[in-house]
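Residues per chain, in single letters:
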Amino acid sequence: MVKIIERDDFEALQEMMKHVIESSMAGFEERLEGKMDTRLDSMQHEVNACKLERDSISLLIKEMDQLEKRMGKLKQKTA
């Protein structure tokens, strides 16, 4: 047996469904944004760590170059 609903009831049901869907989407969007913020923070930490490593390696290379120059000078003095 099929029940026929009034137009007003149908429109009210349609509005209620629209509200439920919008609420659900808003909740999903908030959770997604939270996860994205967390991932972006994590990625920023990784980028900062990489920059620090790069800077440390650059300093070590400069120090090695300076030591090689000093060794060269010492070799010249002892030769």
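Residues numbered from 1 in each chain as written. Predicted model: local features only at pLDDT ≥ 70, side-chain atom pairs only at ≥ 80, totals over all residues. Heavy atoms only, no water.

1. Digging into the overall build of the protein chain
The secondary structure content of the protein chain amounts to one helix and zero strands. Compactness check: the protein chain gives a C-alpha radius of gyration of 34 Å against a globular reference of 12 Å for 79 residues, more than 25% above the reference. Here the protein chain holds 79 residues, and the buried ones make up 1% of them. Looking at charge distribution, the protein chain has the averaged site of its 14 positive side-chain charges lying 18 Å from that of its 17 negative ones. (Helix = DSSP H or I, 4+ residues; strand = E, 2+ residues; numbered from the N terminus. Rg over C-alpha atoms; globule rule 2.2 N^0.38 Å. Buried < 20%, exposed > 50% of the residue type's maximum accessible area, 1.4 Å probe, protein only. Lys, Arg positive; Asp, Glu negative; His and termini not counted. Charge placed at Lys NZ, Arg CZ, Asp CG, Glu CD.)

2. Here we look at the pattern of salt bridges
For side chains of opposite charge, pairing can occur when their charged atoms come near one another. Tallied over the entire structure, the rule returns one salt bridge. For Arg54, the salt bridge is made with Asp55, and the minimal N-O distance between the two is 3.4 Å. On the basis of relative accessible area, Asp55 is assigned to the partly exposed category, the value being 38%. (Salt bridge = Lys/Arg side-chain N within 4 Å of Asp/Glu carboxyl O.)

3. Focus: a nonpolar patch on the surface
Together, Ile5, Phe10, Leu13, Met16, Met17 and Val20 line one region of the surface with nonpolar side chains, adding up to about 570 Å² of accessible area. Mapping Phe10 onto the fold places it in helix H1 (residues 7–78). (Patch = residues over 30% accessible without salt bridge, like charges linked within 9 Å, V, L, I, M, F, W, Y side chains within 5 Å. Areas by Shrake-Rupley, 256 points an atom, 1.4 Å probe, with all protein chains shown as cover.)

4. Section: the environment of Leu67
By secondary structure assignment, the location of Leu67 is in helix H1. Taking the C-alpha atoms as reference points, Leu67 and Met36, separated by 31 residues in sequence, lie 46 Å from one another.

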